Amino acid sequence: MVCAATALLISCQPRRWQGDQKIIILGIDGMDPQLLKTFMVEGKMPNFSALAQKGSFRLLTTSIPPQSPVAWSNLITGMNAGGHGIFDFIHRDPKTLQPYFSASRVEPPKHGIHLGNWVIPIGGGSAEQLRQGKAFWETLDDYGVPNMIFRMPSNFPPVKSKGYTLSGMGTPDLRGSYGTFSFYTDDPMTAAGAVEGGQIIPVQVEESQVTAKLIGPDNTFRKGSPPALEPFTVSIDPLEAVAKVTVQDQKFVLREGEWSDWIHIQFQLIPSMGSVKGICRFYLKQVHPRFELYVSPINIDPAHPALPISTPKSYSRELSEEVGEFYTQGISEDTKALSAGVLDDKEYLEQARTVLAEHRQIFDVELPKFHSGVFFFYFSSLDLNSHMFWRLIDPQHPEYDAALAARYGSVLREFYQQIDQVLGEVLQRMDDRSTLLVLSDHGFAPYNRSFNLNTWLLNNGYIILKSEPNLNQNQAFADVDWSRTRAYGLGLNGLYLNLRGREREGIVEAGTASDSLLNEIKEKLLGVRDPQNNQAAITRVDRATEVYQGPYAQQGPDLLVGYNRGYRAGWQTILGNFPADVFEKNTNPWSGDHCMDYTLVPGVLLSNRAIDTPNPALTDIAPTIFAQFGIPQPGGMMGHSVFSPNR
Amino acid sequence: MARPSNPAGFATFNFAANTPLLLLLALSIVIGLLMVVVFRYTSDQKAIGRAKDRLKAHLLAVRLFQDQLPVVMRAYGRILRGTGSYLRLAFAPFLIALLPITFLIVHLDRYFGWMPLHPAQTFLIEARVADPATLNDAALQLPPQLSSSAPAVHLPKDNEVVWRVVAEREGRYGVHIAAAGQTVSKQVVVSAGLARISPVRLRGNFWERVFISGEPALADNSPVQSIAIGYPPRVIAFAGMEWNWIVLFFVVSLIAGFIFKSVLGIQV
């Protein structure tokens, strides 16, 4: 009996891995196979060329749809969106039809006791990760395999882990947004107010001094939760283009066109009793004749994180003590400031280079500490800079500017080369116990023309409005007559039926009616031609029931719209608005994209070992890791190891 | 674990980086000891013992005779009087200790209050002038190891000129400011260790100089009223919290004092 009980006890214990094997994974968001091959042929990527020559180089099948939160969730869980529940950057609540960010949710305390202008919250607020499914490093923890996971997207707040993890894309700024910059100016020609991803704030220069306020998180201790504000002063030299900035107990001098270091800000929520700490950077864009000052989104201070951004919780502080402050916001490159014209190409590029420099610094500090198990490090630079600078490498793009291209046309190559240098550092550390995987979640393509799906649905009678569409309306699906609307678009690739029993005012019956409606819309969408060039705007439409498996498969869109190369859903339609035209020229600096037909934008997979799978996919990565450590593949995972079991 | 795990945190404790903390803890403990010893020899220990015994007796009376209101009220009155007597007995030794402690804190603040600059760190030199007319004439003269990294910012509203400076390497340097035909100087400390720091040099302002400056006063006829260096204030990490050194000093020396008082049998 004792022997049997002991045997049972031992068999129930997770296997403790005791080896010196290691897997290093470089996750490079948006590395495009075509660009990579071009730069390799040009001899600009010697380390990638060496790796491809000695090991393997494959296209990596991306997710459906090919959006980063979906793709990285595929990698994390080894399942598609039906298994992890992330279908798009943007989801909707079927009961309110209001959009929300898909990967995480930060909420203030729900209840409070009101005392005059003050509110005593009952219970705390919450930061909730919305991705479902078990992360591969949680399984590694179960088997005692050490792991270090840096800046993994769709991992905020980070899942409990025995390893060292730092959250990545999806981590909000201190205001709970995906990044809100502030721009202070006395230029009367600049319209004040909210712009996408930022706030334009008018100021007055009086006696060579500007007094303004930094905008912090909503103060839930105050009635109405107004934002916490902290004053700062900019004292301007009357003649020279230089100024002194005073914020709290910090003073610094900036020349025109200069960025500050990270500045620590403490937002008082209850005077002398409660505060939260953040960090931000100032950029003095202009001093004379107009005053223009950019302040980055207030990032969570890694030394005093107001929200959980690492495991263990103290790790972000330890890291900041080692490397200094760094961007904690998930999408660190301020693409919105460039799109809004607040930063120009040169200024944005400086900021984007700083982001990569910080990532490389963290990488350089942490890689030598890795000795066995799994090391994953995520780089965002190729993705975000391909989004912003595609217009300068593609003469066909509507925003191509030959003069700008002459100055910044090599920027993407420069970022690729920096990633090649990172790979070079890794290759120097490889030994016969090491497996290296270098992969991207998707490739890239031009974004020349917008397709406004909701306008198309409106024009084709699938959406009925109560009144004429209001082009200035920012409310999602304002004036939609849901009692007569059969389908609507939301997110970058999603099309939903207004299904009875699911949507608040659903009218389409599930079953034959919904099937035939989906087939009808699919056929029509595949037949859409761009009147400008007669090209097909949409090359693929997938039924969710055919591409998703898993417990959450019913929660996503009903159709996945796959746009042709050069096309993407327009900015307004993705949030449930109705621009006037179905097709629009893309004049935004955001000029490259990948949210399209997934077969057109595969990622890359390189390894120092022979990859046997002819068409590896993102969902194969977690099974590959488990196979390397002899861990049984958990149920529900779709993929298989990309390596032959005999090798 | 791949990364060295170290629950106790001892093996990787960086003694060099934590020199200020270790020194401060040691000083606080020694001063806690000295305080109780000074108290022992400057106070009437027997009288303090009697005062405390009486207080204990009155407190006991409050507990024992809870149901007899007149007794309880009388006991409270005696507790108040006893407390006054006790404070009177403790006041003289406290005064005797106060002066050297204040002197000590002022001097320790030169070391613990601010951190020296480190090489490559930019910092500000702020000069306030007496006469606004001299604002534009004020010029900064730097030794070769320091260099200016931005044009001077002239702030007429505050009668102030600000320079941004960066140091190449460690050392104690003198920077000079020329204005209205005179030149004044200010010390700048660039060091990785613990160093005596004077964040400001002042004209007049005797008490401010005593408590903050630590440098000779500027001449009464100096065109420059003050020169400040932007040293970062020191924050000491201890027990999972960040402390101002004076708060940590008082907390540790009080705890040490209470421990030594018990060990040495001193009535406080």
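Given the structure is predicted, the values throughout are model-derived calculations rather than measurements. (Residues numbered from 1 in each chain as written. Chains lettered and ligands numbered in written order. Predicted model: local features only at pLDDT ≥ 70, side-chain atom pairs only at ≥ 80, totals over all residues.)

Novice: Explanation requested: the overall build of chain A in the structure shown.
Specialist: In terms of helices and strands, chain A carries 16 helices and 35 strands. Its C-alpha atoms give chain A a radius of gyration of 25 Å, near enough to 26 Å, the size a compact globule of 647 residues would have. When burial is assessed residue by residue, chain A has 50% of its 647 residues classed as buried. Sequence separation of at least 24 residues holds for 66% of the intrachain contacts in chain A that already meet a minimum separation of 6. (Helix = DSSP H or I, 4+ residues; strand = E, 2+ residues; numbered from the N terminus. Rg over C-alpha atoms; globule rule 2.2 N^0.38 Å. Buried ≥ 20, exposed ≤ 12 C-beta atoms within 10 Å, placed from the backbone. Contact = placed C-beta atoms within 7 Å.)

Novice: Explanation requested: the overall build of chain B in the structure shown.
Specialist: Each helix and strand in chain B was counted, giving five helices and eleven strands. Taken over the C-alpha atoms alone, chain B extends approximately 80 × 60 × 35 Å along its principal axes. Counting every position in chain B, which comprises 268 residues, the buried fraction comes to 25%. Contacts in chain B between residues at least 24 apart in sequence constitute 67% of all its contacts with a sequence separation of at least 6.

Novice: I'm lost on the domain arrangement of chain A in this one. Help?
Specialist: For interface size, the figure often reported is the accessible area lost on association. All names here are of chain A. Domains assigned within chain A are domain 1 (22-86 + 131-171 + 344-444 + 601-647), domain 2 (181-300) and domain 3 (448-600). Each of domain 1 and domain 3 has a C-alpha centre, and the two are 30 Å apart. At the junction of the two partners, domain 1 supplies 29 residues and domain 3 supplies 26 residues. Residues of the side of domain 1 that touches domain 3, tallied by class, amount to eleven nonpolar, 16 polar and two charged. (Domains from an automatic or database assignment. Nonpolar A, V, L, I, M, F, W, Y, C, P; charged D, E, K, R; others polar.)

Novice: Where do I start with the sheet that holds strand 19 (residues 263-270) of chain A in this structure?
Specialist: Whenever strands of a sheet pair, they do so through backbone hydrogen bonds, lying parallel or antiparallel. The strand order 19-20-23 (chain A) describes an open sheet built from three strands, whose pairing is antiparallel. Two strands lie at the open edges of the sheet, namely strand 19 and strand 23 (299-300) of chain A, each paired on one side alone. (Pairing = 2+ DSSP bridges.)

Novice: In this structure, what is going on with the pairing of strand 16 (residues 242-247) of chain A? I would like to understand it.
Specialist: Across a regular strand the side chains alternate sides, sitting on one face of the sheet and then on the other. Residue and element names in this part refer to chain A. Buried residues dominate strand 16, accounting for five of its six residues. Pairing of strand 15 (residues 227-236) with strand 16, which is carried by five bridges, proceeds in the antiparallel orientation. Bridge pairing links V234 to V245 in strand 16. A loop of five residues connects strand 15 with strand 16, the two strands running antiparallel in sequence. Where strand 16 lies against strand 17 (residues 250-255), six bridges are found, and the strand directions are antiparallel. Within the sheet, the bridge partner assigned to V247 lies in strand 17 and is Q250. Between strand 16 and strand 17, which pair antiparallel one after the other, the connecting turn spans two residues, and Q248 there sits at a positive phi close to 50 degrees.

Novice: Explain the confidence of the model for chain B to me, please; I cannot follow it from the model alone.
Specialist: Any residue range with low pLDDT should be treated as having predicted coordinates unsuitable for detailed reading. All names here are of chain B. Overall, the prediction assigns chain B a mean pLDDT of 90, with 94% of residues at 70 or greater. Across residues 1-12 the pLDDT falls below 50, and counting only partners more than four positions away or on other chains, this stretch makes 13 contacts in the model. Interface confidence in the predicted complex, given as ipTM, is 0.84; pTM for the same model is 0.89. (pLDDT = per-residue confidence, 0-100.)

Novice: Just checking my understanding: could you explain the interface of chain A and chain B for this structure?
Specialist: If you look at the interface, chain A gives 21 residues, while chain B gives 14 residues. Elements with a contribution of two residues or more to the side of chain A that touches chain B: strand 16 and strand 17 of chain A. Here the side of chain A that touches chain B is composed, by residue class, of eight nonpolar, six polar and seven charged.

Novice: Help me understand the domain arrangement of chain B, please; the structure alone is not making it clear to me.
Specialist: Residues and elements named next belong to chain B. Here chain B is described as being made up of domain 1 (19-113 + 237-264) and domain 2 (122-229). Once you take the C-alpha centre of each, domain 1 and domain 2 turn out to be 42 Å apart. Facing the six residues of domain 1 at the interface are eight residues of domain 2. Elements that contribute at least two residues to the side of domain 1 that touches domain 2 include exactly helix 1 (19-42) and helix 3 (69-112). For the side of domain 1 that touches domain 2, a count of residues per class yields four nonpolar, one polar and one charged.

Novice: I would appreciate a short explanation of the packing of helix 1 of chain B against helix 3 of chain B in the present structure.
Specialist: For any two helices packed against each other, the geometry is given by the interaxial angle and the distance between the axes. Residues and elements named next belong to chain B. At a closest axis distance of 10 Å, the pairing of helix 1 and helix 3 adopts a crossing angle of 165 degrees. Overall, the two elements helix 1 and helix 3 adopt an arrangement that is roughly antiparallel. Crossing of helix 1 over helix 3 shows right-handed handedness. Here P20, L24, M35, V38, F39 and T42 of helix 1 lie close against helix 3, whose contacting residues are A92, P93, I96, A97 and F112. Looking at the contact of helix 1 with helix 3 residue by residue, the class counts come to ten nonpolar, one polar and no charged. (Axes fitted to C-alpha atoms, helices over the stretch in contact; angles between N-to-C directions. Parallel < 35°, antiparallel > 145°, perpendicular 65-115°, else oblique. Left-handed = near helix turned anticlockwise from the far one by under 90°.)

Novice: Sorry if this is basic, but what is going on with the nonpolar core here?
Specialist: Generally speaking, soluble globular proteins have nonpolar side chains that are buried together. Residue and element names in this part refer to chain A. Ranked by internal contacts, the top residues of the largest apolar core, which has 208 residues, are A243, Y294, V438, A487 and V561. At eight residues, the largest contribution of residues to this core is made by helix 12 (residues 411-429). The residues touching Y294, leaving out its near neighbours within four places in the chain, are F181, F183, Y283, K285, A337, V342 and L343. (Core = buried A, V, L, I, M, F, W, Y, C linked by C-beta atoms within 7 Å.)

Novice: When you look at helix 10 (residues 381-389) of chain A in this model, what are you seeing that I'm missing?
Specialist: Residue pairs three or four apart in sequence face the same way in an α-helix, which turns once every 3.6 residues. Taken across its nine residues, helix 10 of chain A has nine buried, putting it largely inside the fold. Among the residues making up helix 10 of chain A, those that are buried are S381, L382, D383, L384, N385, S386, H387, M388 and F389 of chain A.

Novice: I keep staring at the packing of helix 2 (residues 45-64) of chain B against helix 3 of chain B and nothing clicks. Help me out?
Specialist: Residue and element names in this part refer to chain B. Running from amino to carboxyl end, helix 2 crosses helix 3 at an angle of 160 degrees, the nearest separation of the two axes being 9 Å. Judged on the interaxial angle alone, helix 3 and helix 2 are roughly antiparallel. Between helix 2 and helix 3 lies a crossing whose hand is left-handed. Between helix 2, through A47, I48, A51, K52, R54, L55, H58, L59, A61 and V62, and helix 3, the contact on the second element is made entirely by V71, V72, A75, Y76, R78, I79, G82, T83, S85, Y86, L89 and A90. Taken together, the residues that form the contact of helix 2 with helix 3 break down as 15 nonpolar, four polar and three charged.

Novice: Please clarify how the sheet that holds strand 26 (residues 434-439) of chain A should be interpreted in this entry.
Specialist: All names here are of chain A. Reading across from one edge, 2-35-26-1-25-9-10-24 is the order of the eight strands in this open sheet, with mixed pairing throughout. What marks the edges here is a single partner per strand, and that holds for strand 2 (56-60) and strand 24 (310-311). As defined by bridge partners, strand 1 (residues 22-28) adjoins strand 25 (residues 373-379) across seven bridges and the pair is classed as parallel. Paired with I23 across the two strands is V374, which belongs to strand 25.

Novice: How do you make sense of the environment of D32 of chain A when you look at a structure like this?
Specialist: Residues and elements named next belong to chain A. Locating D32 in the fold gives a position in the loop between strand 1 and helix 2 (33-41). Overall, the presence of 26 C-beta atoms within 10 Å leaves D32 in the buried class. When the C-alpha atoms of D32 and S440 are compared, they prove to be 7.7 Å apart, with 408 residues separating the residues in sequence. Once residues within four sequence positions are removed from consideration, D32 is found in contact with S386, G443 and F444.

Novice: Please clarify how unusual backbone geometry should be interpreted in this entry.
Specialist: In most cases, non-glycine residues show a negative phi, while peptide bonds are predominantly trans. Following H288 of chain A, the chain continues to P289 of chain A via a peptide bond in cis, the omega torsion being -5 degrees. Mapped onto the elements of the fold, P289 of chain A is located in the loop between strand 21 (282-286) and strand 22 (292-295). Following T311 of chain A, the chain continues into P312 of chain A via a peptide bond in cis, with omega recorded as -15 degrees. Its location among the elements puts P312 of chain A in the loop between strand 24 and helix 7 (315-323). For D479 of chain A, which is not a glycine, the phi torsion comes out positive at approximately 65 degrees. Looking at where D479 of chain A falls in the secondary structure, it is placed in the loop between helix 13 (453-459) and strand 28 (487-489). What makes D479 of chain A partly exposed here is the crowd of 14 C-beta atoms within 10 Å. Despite not being glycine, A239 of chain B has its phi angle at roughly 55 degrees, a positive value. Tracing the sequence through the fold places A239 of chain B in the loop between strand 10 (236-238) and strand 11 (241-243). The exposure class of A239 of chain B is exposed, given the 7 C-beta atoms found within 10 Å.

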